Every structure is written in C-alpha cells, then in structure tokens.
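Coordinate analysis (summary)
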Amino acid sequence: MVVPRTGVAAAGLLAAAGLMAATMSLMPTGAFAADSIVVGSKAFTEGYVLGEIAAQTIESVSAVPVTRKLGMGSTGIAFEALKSGAIDVYSDYTGTLTEAILKRPDLKSMDAIKEALLAMDLVMSGPLGFDDTYALAVKESFAEQHHLHSISDLAGAESSIRAAFSYEFMDRKDGYQGMAESYHLHFAPQKVNRMEHSLTYQAIDDGAVDLIDLYSTDAKIEKSHLRVLQDDRGYFPVYQAVWLARKSFTERHPREWQALLSLQGSISAAAMIDMNAQADIQHLSFAKIAAQHLGSEAPRSQSLKSNILQRTREHLWLVGIALLFSILVGIPLGLIAVRFHAAGQAILIFSALIQTLPSLALLCFLIPIFGVGMKPALAALCMYSLLPVVLNTFTGIRTVDPKHVENARAFGLTGRQILLRIVLPLASPTVLAGIKTATIVSIGTATLAALVGAGGYGALIVSGLSLNDVPTILTGAIPAALMALIAYGVFELLGLLLIPAGLRKQS
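Remember, it's a predicted structure, so these values are computed and weren't measured experimentally.

1. Quick word on the overall build of the protein
What the protein contains, in helices and strands, is 24 helices and 10 strands. In the protein, which comprises 507 residues, the proportion classed as buried is 52%. When contacts within the protein are restricted to residue pairs at least 6 apart in sequence, long-range pairs at least 24 apart make up 78% of them. Roughly 22500 Å² of accessible area belongs to the protein as shown, and the carbon and sulfur atoms make up 60% of that amount. Computed over 38 positive and 41 negative side-chain charges, the separation of the two mean positions in the protein equals 15 Å.

Next up, the structure:
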C-alpha cells in the first residue's frame, strides 16, 4: 500500500496543540528556578534526615531559597547530580567516596580524599561525627543456633544460608563480591536475593532470609533483634559521614557553606541512630527530626492534600510531555515506516530496542548527557512512549484495504486528502489504541523519575520504600493508579469523538 508523502504530522497537530496548552498550565512551579541552593540526598532514611538537616541549616543563615531534591537513588545518581550542577550539596561517606567514586581505596587520610575531590572541583567537609559502615547481621536466635559472632563464622555454612543484600551492596567493589573474596565465602547464587535496603528488614523479620547487609547506624537493628557480625578481618573501610559540595557553591555562598561546616563533629553515632529511629519506627517527618536536632522550630509541614497536588502537577507534566512527543514524533515515524521499507524496519527495531532497556538503566545512561532532574526523566519517558505509537500507526495503516486508496484516487482526491480523509480515519482505532497504551505506560514509568530528582508520585513511593512505610507508598501509588484509570476513560471518550461510527461498531 502506498501512503502519501504530504501531511505526515497533520493527524497529531490539533491534539498536540491542545495538550501543550494544558501541559504548560500544569508545569510544576519552580521547575526551572534560576537562583536557588539545591540540596540532594540518596534514597535511604539517613540520607533523607541529613539532607533535611543541611537544608534547614542553610535556610537559617541564607535569604536564597533552598530546593530539596531528596531521595535521588544510588550513590552514582547523587554524585552525577552534584558534578552536573543539578544539586549543590549532599551527604556522603569517606569509604563510599574512596571505593565507589574515586576508585582509590589507598586514600586513607581526610586530606588525601579532599585533595582528590578538589581536582574534580568538589569540596568535602570534615567528619560530621559518626561512622556508618556496612555490616552483616542475622537474627539473634539464628546466631545462637549456628554459633555466629563474626563474619568468619559464616565459613562452611554459607552455602545453606538464605541472604538478602541491597542492590548497591551487591554492585559495589567494597560490597558483596569483595567481602566474599576476603572471607573466602561461597554463597549459593540461587539463595542470594537482591532487594531494596529497607525491605531486607521485612524479609528477615518474616523469616524469608537468614542474613542481610545493613548500615551500622540503622535504627531497626535493635527492633528486629539482630546480631551484627563482627568484621574480624577489617574488610569494610571507614565510612565517616561528610558534606560533599561543588566548589562553585562554596565560593558563591561562603556563609551557607560555613554554616554546614559548623555541624562537623556535632552528630554522634547514638544521635544518628536515634534520628533514624524517629523516622523508621516513630514515623516522624524528616523536617521535624532535623529541626529537633538543630534546636530550631520545625518548618511548616506541607499538608497531605497540597503535597499530593504538587506531585500530581509534576507527574502530569512528565506524562504530558511524553504524550506530546509520542504524537508529534511517533505518528510521523509510523507513516515513514509504511512508506519506506528499509527505513521502516530500522525505525521499528530502534523503537523496540529502547523498550527492552530497563527504565532505571536508561535513566542512568541519560544522566551524563542531561544531568539530573526533569531533563533525563523527560528524555527517557519520550523514548519509552515511541514504540506503542509507532507500531500501532504502522500496523493500523498497513491494515487499510488498498482498494479504498485506489477508489479515492479515482475520485480525484490528492495525496494529502487521501491521507487525512481516508487512511488515517480508517487506521484511527489502532493509532488511538497505541497513544492510549503509551500514556498509561508513561504514567507508571514516570514514578521512577523521582530517583533522578524529577518529582512526581514516585517521590512519595521512594520515600515510603526507604521507610518501609506502606501508607506513604500508597499516597503515591493510589493517585498514579487513579491517573491511569482516568487516562483510560478519557481515551475511550476520545474514541467516541474521533473514530468514525462504522469503525467503532466493527471494533
């Protein structure tokens, strides 16, 4: 079947224009804020607490607004955010910096670490006052039963032990692989599970696993009746908590940086464990915990309603741009795929390959290009939205009976008229189904955008996961599900308006 060359993008322009207007009105306030200090954190309880302490400390001495991008995923994501300028400061650990970032485990002194970071235009504070190292733990009852006191005691019994280790611990050189080699441990691969850090506690409490990794300042150690196994070979490096900042930030805002430096040595291990317990066990807000530690009045907390409304605006912005992209780019690519066979196959294969990439991996690939925040999230969502629209446009047009096109030509219709009045209306049920699929997939995938600081409902879900707090998770998951249902209903109504009545009856 021959598709006319002209009017390729015309089918989506009207819908795209309306969508752009609606999306711009929903654009999150401050999405492109020019002058603000951005505080980041990794996505675990202690990271949230320290991030809030940093934010409130800066706010106490600065007239410059502070933007919080807390819960930004793994070390790699937070560090790339700092290097790219997406954030100005966040908390990290000396062991993490030497092992995972600098790849220089030989750096032992604080001065040596500072010098290596300065070469990257980064500045590190002195220790905040506590060491939060990796550790392995088992239930007290399990330890007594198997006579376990140190990591070395696992030797000989490790093949039967069910373990759950966090993703970062499994992947880092100073984590699972190095530890197993150092202690000559041979865990059965099928009994080693990768799991979100906070969920490992749930797994060991439920008896699903016997051994987990943890941080030495985790508040749930005592609550879960765990025995921390002694690192008798001294494998794990020292993880002194520090502030890590961009050099340009310290130069532009010396007063704010000095305020952060005043916290050096002020947070003991006991104090950090207590703050983690307030978040994990007592479910106090991070803002209140930070204010209590700083001896200040807690900032006015955002109501649940306003928080959900803010996350809704952010989520709609992400999904709306992805949908706009899928219409303006996906439909023309689908038409090209029909018109030109070789190029069409390349377009379909490329779209399918993007879809096979794990969404979190794609976000990480895009960070060096776009930095952290809205840009990589939008780029990833736009790419993910392509395949359903391209494939359905291609399929819908290919299924149009060529006789209809020939009859239209016989009546003297131009190529543009055939495309707009015959081909696209006949293919509209399939094309609209592809756009609907792309939209619903984008709503779900957009929840991962929080891991790169783009907000949306994922910010609530990630925060809830870090605390293993089901109500907080549901405040993000339920609105996302409702948005998907509403989107489905909207597209059903659009089908009634846009699809010819005869085709609706057939479908």
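2. A few points about the packing of aromatic side chains
Per the counting criterion, the structure on display carries 13 aromatic pairs. Measuring from ring centre to ring centre gives 5.8 Å for Tyr 134 and Tyr 239, while their planes differ by 80°; the resulting arrangement is edge-to-face. One end of the pair, Tyr 134, is in strand E5 (residues 134-139); the other, Tyr 239, is in the loop between strand E9 (226-229) and strand E10 (241-246), and 105 residues separate them in sequence. Of the two residues, Tyr 134 and Tyr 239, both sit in the buried class. Both rings, one in Tyr 235 and one in Phe 236, keep their centres 5.1 Å apart while their planes meet at 70°; by these two values the pair is edge-to-face. Ring-pair connections join several aromatic residues into one group, and the members of that group are Phe 44, Tyr 134, Phe 165, Phe 169, Tyr 176, Phe 187, Tyr 215, Tyr 235, Phe 236 and Tyr 239.

3. Some words on the nonpolar core
Ranked by size, the top nonpolar core spans 62 residues in total, and within it Leu 154, Met 179 and Leu 211 carry the most contacts. No other element matches helix H2 (residues 45-59), which puts seven residues into this core. In terms of nonpolar packing, the next biggest core, distinct from the first, is built from 49 residues, Ile 77, Ala 81, Leu 107 and Leu 378 among them.

4. Some details on helix H18 (residues 374-384)
Among the 11 residues in H18, nine count as buried, and that is most of the element. Within the span of H18, buried status applies to Met 374, Pro 376, Ala 377, Leu 378, Ala 379, Ala 380, Leu 381, Cys 382 and Tyr 384.

5. Overview of the confidence of the model for the protein
Chain-level pLDDT for the protein is 87 on average; 91% of the residues reach the 70-or-more range. Below pLDDT 50 for its whole length, residues 2-34 participates in 51 contacts with residues either more than four positions away or in separate chains.

6. Some points on unusual backbone geometry
Even without glycine at this site, Lys 103 takes up a positive phi of about 55°. Looking at the secondary structure, you find Lys 103 in the loop between helix H4 (94-101) and helix H5 (110-118). Unusually for a residue other than glycine, His 147 sits at a positive phi of about 55°. Note that His 147 resides in the loop between helix H6 (140-146) and strand E6 (163-166). Assessed through its relative accessible area of 61%, His 147 is described here as exposed.

7. Things to note about the environment of Asp 213
Note that Asp 213 resides in strand E8 (residues 211-215). Separated by 55 residues in sequence, Asp 213 and Glu 158 place their C-alpha atoms 14 Å apart. Residues contacting Asp 213, with those up to four places away along its chain left out, are Tyr 134, Ala 135, Leu 136, Ala 164, Phe 165, Ser 166, Phe 169, His 197 and Thr 200. A distance of 2.8 Å separates the side chain of Asp 213 from the backbone nitrogen of Ser 166, its partner in a polar contact.

8. So, the sheet that holds E9
With respect to topology, five strands assemble into an open sheet ordered E7-E6-E8-E5-E9, the strand pairing being mixed. In this open sheet, the two strands that pair with only one neighbour each are strand E7 (192-195) and E9. For this sheet, the mean angle separating the axes of adjacent strands, direction not counted, is 35°. In this structure, E5 lies alongside E8, joined through five bridges in antiparallel fashion. By the bridge assignment for E8, Tyr 134 is matched with Tyr 215. Along the sheet, helix H9 (residues 197-205) contacts E5, E6, E7, E8 and E9; its crossing angle with E8, the most-contacted strand, is approximately 140°.

9. Remarks on the packing of helix H22 (residues 457-467) against helix H23 (residues 470-498)
Across the interface, H22 lies against H23 with an axial gap of 7 Å and an inter-helix angle of 150°. Relative to H23, the element H22 lies roughly antiparallel. The two elements H22 and H23 cross, and the hand of that crossing is left-handed. Contacts between H22 and H23 involve Tyr 457, Leu 460, Ile 461, Ser 463, Gly 464 and Leu 465 from the former and Thr 472, Ile 473, Thr 475, Gly 476, Ala 477, Pro 479, Ala 480 and Met 483 from the latter.

10. Re the side chain of Ser 125
The residue Ser 125 is located in the loop between strand E4 (122-124) and E5 in this model. Ser 125 gets classed as buried once you look at its relative accessible area, which sits at 1%. Side-chain polar atoms of Ser 125 contact the backbone nitrogen of Trp 243, separated by 2.8 Å. If sequence neighbours within four positions are ignored, Ser 125 has contacts with Met 110, Lys 114, Val 242, Trp 243, Trp 257, Leu 261 and Gln 264.

11. Regarding helix H21 (residues 415-445)
Across its 31 residues, H21 extends only 38 Å between first and last C-alpha, which sits more than 12% below the 45 Å expected from 1.5 Å per residue. A bend of about 60° at Ser 428 is the largest found in H21, and the proline Pro 429 appears one to four places after it.

12. Remarks on a nonpolar patch on the surface
Residues Val 470, Leu 474, Ile 478, Leu 482, Leu 485, Ile 486 and Val 490 make up a contiguous nonpolar surface patch of roughly 650 Å² in combined accessible area. Along the chain, the position of Val 490 falls in helix H23.

13. What to know about the pairing of E10
Buried residues dominate E10, accounting for six of its six residues. Burial along E10 is two-sided: the residues Ala 241, Trp 243 and Ala 245 and Val 242, Leu 244 and Arg 246 are all buried. Here E4 pairs with E10 via three bridges, running antiparallel. Within E10, the position partnered with Val 123 by the bridge is Ala 245.

Analysis parameters
- Residues numbered from 1 in each chain as written.
- Predicted model: local features only at pLDDT ≥ 70, side-chain atom pairs only at ≥ 80, totals over all residues.
- Heavy atoms only, no water.
- Helix = DSSP H or I, 4+ residues; strand = E, 2+ residues; numbered from the N terminus.
- Buried < 20%, exposed > 50% of the residue type's maximum accessible area, 1.4 Å probe, protein only.
- Contact = heavy atoms within 4.5 Å.
- Areas by Shrake-Rupley, 256 points an atom, 1.4 Å probe, with all protein chains shown as cover.
- Lys, Arg positive; Asp, Glu negative; His and termini not counted.
- Charge placed at Lys NZ, Arg CZ, Asp CG, Glu CD.
- Phe/Tyr/Trp six-rings, centres within 6.5 Å; stacked < 30°, edge-to-face > 60°.
- Core = buried A, V, L, I, M, F, W, Y, C linked by side-chain atoms within 4.5 Å.
- pLDDT = per-residue confidence, 0-100.
- Polar contact = N/O pair within 3.5 Å; in protein donor to acceptor, adjacent residues only side chain to side chain.
- Pairing = 2+ DSSP bridges.
- Axes fitted to C-alpha atoms, helices over the stretch in contact; angles between N-to-C directions.
- Parallel < 35°, antiparallel > 145°, perpendicular 65-115°, else oblique.
- Left-handed = near helix turned anticlockwise from the far one by under 90°.
- Expected span 1.5 Å × (residues − 1).
- Bend = angle between axes of the 7 residues up to and from the residue.
- Patch = residues over 30% accessible without salt bridge, like charges linked within 9 Å, V, L, I, M, F, W, Y side chains within 5 Å.
- Salt bridge = Lys/Arg side-chain N within 4 Å of Asp/Glu carboxyl O.

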